[in-house]
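# Observations on the three-dimensional arrangement
Chain by chain, the residues run as shown.
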Amino acid sequence: MTSQADSHLSRNLRDRHIQLIALGGTIGVGLFLGSAKSIHNAGPGLLLAYAIGGIAIFLIMRALGELLTYRPVAGSFAVYADEFCGPFAGFATGWSYWFMWVMTAMAELTAIGVYVRYWFPDIPQWLPALVALVTLYGVNQLAVRVFGELEFWFALIKVVTIVGLIVGGLFVIFFHVGELGATAGFSNLWSHGGFLPVGIQGVLLTLPMVIFAYQGVELIGVTAGEAENPEVVLPKATNGITYRILIFYLGALAVIMALVPWTELSPDTSPFVFVFEKMRVPAAATIINLVVITAATSSCNSGIFSTGRMLYSLAQRGQAPQALSQLSAQHVPAKGINVSVAVMLVAVAINYVVPEKAFVWITSISTIGTLWTWGIIMVAHHNYRRAVAAGRARPSTFRMPGAPWANGLVLAFLLGVTCMLWRGEDTRVALYVAPVWFGLLAIGYAWSRPQAALGRAEE
């Protein structure tokens, strides 16, 4: 066994890496494609759903940021759950987060296979998925800074695309140029059936997709063990990522629905493709297709990174096989990455025959892991504040505003989103899987308790 005393993760991720890793993990297929159906279901009211979700994200990230500056370690929220909520909470959080990202990576690999066929329809769908997985596996086995650089450029492509849409769209709206200029205007946000054309129910039903779109913002927590100067970098990254996500999501969607009335957008076509084509951008469909593939690749890359670190953290606490606590010569949790990628290979197999609803089911199931993780962050933060008040924990200089009331409001919001999963026929499967998953976790926890006790004794 390799312990933290003689081997540790390298702190080689800089501020720009960490901000773009979290941004890249969050801005993906959910925005570029998933927003089409959400606009169809809620109209301009979708902006309200993203704003409400954004407020919750802001509080979650501030709570996580406070915990990170208290103790910056890899697999942070699982460690905090263990310390402030109990061993089972830490076990369930670590494995649920691992499962969530494995499922998400499988969905993203499937998306890569589908969208590469836009250019090469004769290529079997499983081949691009396999090539992408093998390539990303190799990258993640190298030094962490190589991963950080690759993710930086992946994320930058998405950011440039969104900024291009916002800037170009505002130019059309204010100067009334081009095909869209005559009818473009912010009045489109309320002049086609009102701001809430399908009522508040439509807004509520889009919340699960909003959560899926924001999924990944907590990756800052996984990078904590490899952050350069974490006391300075992590608070700055936490604040920066929250504001930028709100600007990119709300800004892009507001401009899209101001350029084109929401009633003219198809639920089956990316609104980015539709708007870029109307703005006469050459090869708009090809550009967005490339961006979607990049987004899926970026998300899968983040998944391999985070799952490897989470298994490493679990193994160090005796909640996973001890072999997974070993690091390679590059200070990378290579064995944890090996296990995660081996499970992700299932995605290559399912690409032989992809059921029509497979992507929706996989993303819905992964959302359960996200809701659990975010909820645990808020509970752990609440208990951390109580420990600080009792003198059992060191106070952090980076504090979440509004505690403890904000913690309760966020938890109520997350519970409401869970209820909304039941309202959707396609997303309901997540609530069928959740009891089975947590039942398996209970069995796994009972099996791992002797190993966990040994791990604590060694610490």
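Residues numbered from 1 in each chain as written. Predicted model: local features only at pLDDT ≥ 70, side-chain atom pairs only at ≥ 80, totals over all residues. Heavy atoms only, no water.

When its secondary structure is counted, the protein shows 19 helices and zero strands. A total of 459 residues make up the protein; the buried ones form 58% of that total. Relative to all contacts within the protein whose residues are 6 or more apart in sequence, the contacts with residues 24 or more apart total 82%. Total accessible area on the protein is roughly 17700 Å²; 68% of this is exposed by carbon and sulfur atoms. (Helix = DSSP H or I, 4+ residues; strand = E, 2+ residues; numbered from the N terminus. Buried < 20%, exposed > 50% of the residue type's maximum accessible area, 1.4 Å probe, protein only. Contact = heavy atoms within 4.5 Å. Areas by Shrake-Rupley, 256 points an atom, 1.4 Å probe, with all protein chains shown as cover.)

Take helix H5 (residues 87-116) next. Taking 1.5 Å of rise per residue, the 30 residues of H5 would be expected to cover 44 Å, and the 44 Å separating its terminal C-alpha atoms lies within 8% of that figure. In terms of residue burial, H5 counts as a mostly covered element, since 26 of its 30 residues are buried. (Expected span 1.5 Å × (residues − 1).)

Our next topic: the nonpolar core. By size, the foremost hydrophobic cluster in this structure holds 128 residues, and its most contacted members are Trp95, Leu109, Ile162, Leu259, Phe272 and Trp374. In terms of residues, this core owes the most to one element, H5, which gives 17 residues. (Core = buried A, V, L, I, M, F, W, Y, C linked by side-chain atoms within 4.5 Å.)

The residue after alanine 403, namely proline 404, is reached through a cis peptide bond having omega 5°. Within the element layout of this structure, proline 404 appears in the loop between helix H17 (358-389) and helix H18 (405-423). With a phi close to 50°, histidine 176 is a non-glycine residue in the positive phi region. One non-glycine residue, arginine 280, adopts positive backbone phi at about 60°.

The next subject is the packing of aromatic side chains. This structure, assessed with the given rule, holds 16 aromatic pairs. Residues tyrosine 50 and tyrosine 214 carry aromatic rings whose centres are separated by 5.7 Å and whose planes lie at 85° to one another, so their mutual orientation is edge-to-face. Of this pair, tyrosine 50 sits in helix H3 (residues 46-70) while tyrosine 214 sits in helix H10 (residues 207-214), placing them 164 residues apart in sequence. Between phenylalanine 99 and tryptophan 437 the ring centres are 4.4 Å apart and the planes differ by 15°, which places this aromatic pair in the stacked class. Pair noted here: phenylalanine 99 is in helix H5 and tryptophan 437 is in helix H19 (residues 429-458), with a separation of 338 residues, a long-range link. (Phe/Tyr/Trp six-rings, centres within 6.5 Å; stacked < 30°, edge-to-face > 60°.)

Packed helices, taken two at a time, are described by the angle between their axes plus the distance between the axes. Where helix H13 (residues 271-278) meets helix H14 (residues 284-316), the closest approach of the two axes is 8 Å, and the angle between their N-to-C directions is 150°. As the angle between them shows, H13 and H14 are arranged roughly antiparallel. Handedness of the H13/H14 crossing: right-handed. For the pair H13 and H14, contact is made by Phe272, Val273, Phe276 and Glu277 and by Ala284, Ala285 and Ile288, respectively. (Axes fitted to C-alpha atoms, helices over the stretch in contact; angles between N-to-C directions. Parallel < 35°, antiparallel > 145°, perpendicular 65-115°, else oblique. Left-handed = near helix turned anticlockwise from the far one by under 90°.)

Bringing helix H4 (residues 76-85) into the picture now. A large share of H4 lies buried, amounting to eight of its 10 residues. Within the sequence span of H4, burial applies to Ser76, Phe77, Ala78, Val79, Tyr80, Ala81, Asp82 and Phe84. Looking at the residues trailing H4, positive phi occurs at glycine 86, about 115°.

Structurally, glutamine 215 is set in the loop between H10 and helix H11 (219-223). A relative accessible area of 4% places glutamine 215 in the buried class. In this structure the side chain of glutamine 215 is engaged in a polar contact, spanning 2.9 Å, whose partner is the side chain of threonine 104. There is a polar contact of 2.8 Å between the side chain of glutamine 215 and the side chain of threonine 370. (Polar contact = N/O pair within 3.5 Å; in protein donor to acceptor, adjacent residues only side chain to side chain.)

With that settled, the discussion passes to the pattern of salt bridges. Inspection of every chain in the model, using the stated rule, returns five salt bridges. The salt bridge involving lysine 278 is made with glutamate 179; its shortest N-O contact spans 3.4 Å. Taken together, the residues lysine 278 in helix H13 and glutamate 179 in helix H8 (residues 178-181) connect sequence positions 99 residues apart. Among the charged side chains, a network of salt bridges with common partners joins Glu179, Lys278 and Arg280. (Salt bridge = Lys/Arg side-chain N within 4 Å of Asp/Glu carboxyl O.)

In this section: a nonpolar patch on the surface. A cluster of nonpolar side chains, namely Phe171, Phe174, Phe175, Val177, Phe186, Trp190, Phe195, Leu196, Ile200 and Leu204, defines an oily patch on the protein surface of about 960 Å² accessible area. Elements with a minimum of two residues in the nonpolar patch: helix H7 (144-175) and helix H9 (199-205). Per element, the largest residue contribution to the nonpolar patch is three residues, and it comes from H7. Turning to its location among the elements, phenylalanine 174 is positioned in helix H7. (Patch = residues over 30% accessible without salt bridge, like charges linked within 9 Å, V, L, I, M, F, W, Y side chains within 5 Å.)

This next bit is on the packing of H10 against H18. Where H10 meets H18, the closest approach of the two axes is 8 Å, and the angle between their N-to-C directions is 115°. On H18, the residues that touch Leu207, Pro208 and Ile211 of H10 are Phe413, Val417, Met420 and Leu421. A class-by-class count of the residues in the contact of H10 with H18 yields seven nonpolar, no polar and no charged. (Nonpolar A, V, L, I, M, F, W, Y, C, P; charged D, E, K, R; others polar.)

Relative to the helices and strands, valine 410 is located in helix H18. In this structure valine 410 comes out as buried when scored by relative accessible area, which is 2%. Remark: the alpha-carbon pair of valine 410 and isoleucine 55, spanning 355 residues in sequence, is separated by 8.9 Å. Not counting chain neighbours up to four residues away, the residues in contact with valine 410 comprise Ala56, Leu59, Ile60 and Met378.

Right, let's talk about the confidence of the model for the protein for a bit. Taken over all residues, the pLDDT of the protein has a mean of 82, while the share at 70 or more is 86%. When pLDDT is averaged over each helix and strand of the protein, the minimum, 62, is found for helix H1 (residues 15-26) and the maximum, 92, for H18. When the criterion is pLDDT under 50, residues 1-7 qualifies, and its contacts beyond four places in sequence or with other chains add up to 13 contacts. (pLDDT = per-residue confidence, 0-100.)

Assignment of secondary structure puts histidine 192 in the loop between H8 and H9. Taking the C-alpha atoms as reference, histidine 192 lies 9.3 Å from proline 44; in sequence the two are 148 residues apart. Ignoring anything within four residues of it in the chain, the contact list for histidine 192 reads Pro197, Pro261, Trp262 and Thr263. Within polar-contact distance, the side chain of histidine 192 engages the side chain of asparagine 188 at 3.2 Å.

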